[in-house]
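Chain and residue survey
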Amino acid sequence: MTLIKSISGIRGTIGGQVGDNLTPLDVVKFSAAYGQWIKTQRNKEHYKVVVGRDARISGDMVQSLVMQTLSGMGIHVVDLELSTTPTVEMAVTMENADGGIILTASHNPKQWNALKLLNKDGEFLNAEEGLQILNFVEKEDFEFSDVDDLGKITYHNAYIDLHIEEVLNLELVDVDQIKDAKIKVVVDAVNSTGGISIPPLLEMLGVEVVRLYCEPNGHFPHNPEPLAKHLTELSHRVKEENADFGIAVDPDVDRLAFVDEKGEMFGEEYTLVSIADYVLSRKKGATVSNLSSSRALRDVTEKHGCKYFASAVGEVNVVAKMKEVNAVIGGEGNGGIIYPELHYGRDSLVGVALFLSLLSEKQIKVSELRQTYTSYFMTKEKIELTPELNVDALLNKIQENYKEEDITTIDGVKIDFETNWVHLRKSNTEPIVRIYTEAKSQEEADALAKRFITELEELSK
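Summarised in this report is the structure supplied together with it. (Residues numbered from 1 in each chain as written. Predicted model: local features only at pLDDT ≥ 70, side-chain atom pairs only at ≥ 80, totals over all residues. Heavy atoms only, no water.)

Regarding empty space enclosed by the protein
Threshold: Note on definitions: the grid is 1 Å and covers protein atoms alone; a cavity is a set of points where a 1.4 Å probe fits but cannot get out; a pocket is an open set with protein on both sides within 12 Å along at least five of seven lines; lining residues have an atom within 4 Å of a point. Grid points are joined across faces, edges and corners, and a volume is the space filled by probe spheres set on the points. In this description a helix means any DSSP run of H or I spanning at least four residues, a strand means any run of E spanning at least two, and both kinds are numbered starting from the N terminus. When residues are grouped by polarity, Ala, Val, Leu, Ile, Met, Phe, Trp, Tyr, Cys and Pro land in nonpolar, Asp, Glu, Lys and Arg in charged, and all others, Gly among them, in polar.
One pass over the full model with this rule turns up 1 cavity of 30 Å³ or more. The computed volume of the largest cavity comes to approximately 30 Å³. Around the largest cavity, the lining residues are Glu269, Leu272, Val273, Ser293, Ser294, Leu297 and Gly333. Looking at the lining of the largest cavity element by element, the count peaks at 3 residues for helix α9 (residues 268–282). Per-class residue counts for the lining of the largest cavity are 3 nonpolar, 3 polar and 1 charged.

Below you can see the structure in the form of structure tokens.
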């Protein structure tokens, strides 16, 4: 079954049977449920929703269905066409809209698509709001508008330019310093909307750009998740072009990874670490990442005399914690940068601009910059669940067994040992338990993961 309905939206593979895959009927139902929810948020005469999509092949079809459904509910639509997740988020507030929908399956392969839902602040819905939409879907409780009250669809193609402008105007983005540094980069945008947003930003910063897969045609040339094993061509091209570094983004441009001048991965976890280092050097304040992110962010935060906080996994949880502690920078270890001065959403454009500001200030190579941070190594494993397994009881047993250690239980169980940690949590989208570990060597991280897999298997007998 490849249709997944959750509190964060709906995703699935295109084609097939209704309710099993992401079919046009499923898209219409979910769009109508969202439209119904929008109307419960504010009592007003006219409603407006911003809609944009990444470049995947099914995007045009899915976007048409979404927009026409909202129009049928009397909701006006601002059509951004090809866009990025952070751009749509910013457009919601710039348009003073009631919400937004991004059509993207993030790093999933091309047969997938999804509806990601935003509130009036251009932020992802929380669990309670997501549940309300799922209830509307379940009951098919939709009310459509009369013919004289249909919503209008207007096209707006300037928001990527406006997004870039907002990034360039940020106090900590040192445009002149970056221009003086004469930097050359290679950009792998996996033939999606990173290709129409990252290179224009770089050119405005005076950076020489070598484009690799920057044509937004939706034909992903490799697995679109920006991991080392998928970025071999980018690594090769960086060396071939004698570039200063390489940039990789996922199809909707909310995850950011770098390759150093030697073609080696900088490390997705260290995208946030390095940018936080720069931000904290200019502005003191708290930082936030999720429980499954590297300890390196805590190290850097404490180096600057500031306080680090961890949230449950999921962007909406990171954002909530950032607001609670008034964080100056935060994000997720998968290369997601959230910079509140711009907006509360993972944003590769602001990540690129802040990283370039750091690099041009330090005037060192990217590989040298990476060496200034403590090296941690992560292992990510999972255990398939059987229906009869009581996962909560299992995690409770683990918690009891390690009660003398530093334990966090806001999202599964995380155990912080002196030099390493393990995080065990149920996946929200698959019938699995995720096991994340981190240590000072890959061997140690692997061994820790193996140890806890064995313990879970023993306890489940």
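Digging into the layout of surface pockets
Here the second largest pocket defines a volume of roughly 510 Å³. For the second largest pocket, the lining is made up of 21 residues, of which Gly267, Glu268, Glu269, Met378 and Gln442 are closest to its centre. For the lining of the second largest pocket, the secondary structure elements donating two or more residues are α9 and β16 (377–384). Split into classes, the residues belonging to the lining of the second largest pocket amount to 9 nonpolar, 6 polar and 6 charged.

Re the nonpolar core
Heads up, the condition is: Nonpolar cores are built from buried Ala, Val, Leu, Ile, Met, Phe, Trp, Tyr and Cys residues. Side-chain atoms within 4.5 Å join them into one set. Residue burial is assigned from relative accessible area. The probe radius is 1.4 Å, only protein chains are included, and a residue is buried under 20% of its type maximum, exposed over 50%, and partly exposed in between.
In terms of nonpolar packing, the biggest core is built from 59 residues, with Leu202, Leu205, Phe245 and Ile247 touching the most fellow members. With 9 residues, helix α12 (residues 348–362) is the largest single contributor of residues to this core. Of all hydrophobic cores here, the second largest spans 30 residues; its members include Ala32, Tyr34, Leu117 and Phe142.

Quick notes on helix α4 (residues 127–139)
Since the α-helix packs 3.6 residues into each turn, any two residues three or four apart lie on the same face. The condition that has to hold: One less than the number of residues in a helix, times 1.5 Å, gives the span that helix is expected to have. Here the arc refers to the set of directions running from the helix axis out to each C-beta atom. Pairs of residues are marked as contacts when any of their non-hydrogen atoms sit within 4.5 Å. Under this definition, polar contacts are N or O atom pairs within 3.5 Å; protein pairs additionally need one hydrogen-donor-capable and one acceptor-capable atom, and for neighbouring residues in sequence, both atoms have to be side-chain atoms.
The terminal C-alpha atoms of α4, which comprises 13 residues, lie 18 Å apart, in line with the 18 Å expected from a rise of 1.5 Å per residue. Every buried residue of α4 is listed here: Glu129, Gly130, Ile133, Leu134, Phe136 and Val137. All buried residues of α4 lie within an arc of 155 degrees about the axis, which places them on one face of the element. Set apart from the buried face of α4 by more than 90 degrees, the exposed residues are Glu128, Glu138 and Lys139. Along its buried surface, α4 packs onto β1 (3–6), α1 (24–41) and β6 (112–118). The N-cap residue of α4 is Asn126: its side-chain oxygen and the backbone nitrogen of Glu128 are 3.2 Å apart. Positive backbone phi, approximately 50 degrees, marks Glu140, located one or two places after α4.

A short note on the environment of Gly194
With respect to the secondary-structure elements, Gly194 resides in the loop between β8 (184–188) and α7 (198–204). For the pair formed by Gly194 and Ala248, sequence separation is 54 residues and the distance between their alpha carbons is 8.7 Å. Once residues lying within four places of it in the same chain are set aside, the contact partners of Gly194 are Ala189, Pro199, Val249 and Val253.

Re the environment of Ile247
The topology assignment puts Ile247 in strand β10 (residues 245–249). Residue Ile247 is classed as buried on the basis of its relative accessible area, which comes to 1%. Each C-alpha atom, one on Ile247 and one on Ala158, is 24 Å from the other, the two residues being 89 residues apart in sequence. The contacts of Ile247, once residues within four sequence positions are left out, are Val185, Val186, Val187, Asp188, Ile198, Leu202, Leu234, Leu256, Ala257, Phe258 and Val352.

Quick notes on the sheet that holds β10
Using the following cut-off: Paired strands, in this sense, are two strands between which DSSP finds at least two bridges. Angular values range over 0 to 180 degrees, each being the angle between N-to-C directions of two axes fitted as lines to C-alpha atoms, with helices fitted over their stretch in contact.
Read from one edge to the other, the open sheet built from 4 strands follows the order β9-β8-β10-β11, with strand pairing classed as mixed. Two strands bound the open sheet, and with one partner strand each, they are β9 (208–212) and β11 (256–259). Between one strand and the next, the sheet's axes are offset by a mean angle of 25 degrees, whatever the strand orientation. This element, α12, spans β10 and β11 of the sheet and lies at about 165 degrees to β10.

So, the sheet that holds strand β3 (residues 47–53)
Here we have 7 strands laid out as an open sheet, ordered β1-β2-β6-β5-β3-β4-β7, and mixed in their pairing. What marks the edges here is a single partner per strand, and that holds for β1 and β7 (153–155). Adjacent strand axes in the sheet meet at a mean angle of 15 degrees when their direction is disregarded. Note: β3 against strand β5 (residues 99–103), 5 bridges, orientation parallel.

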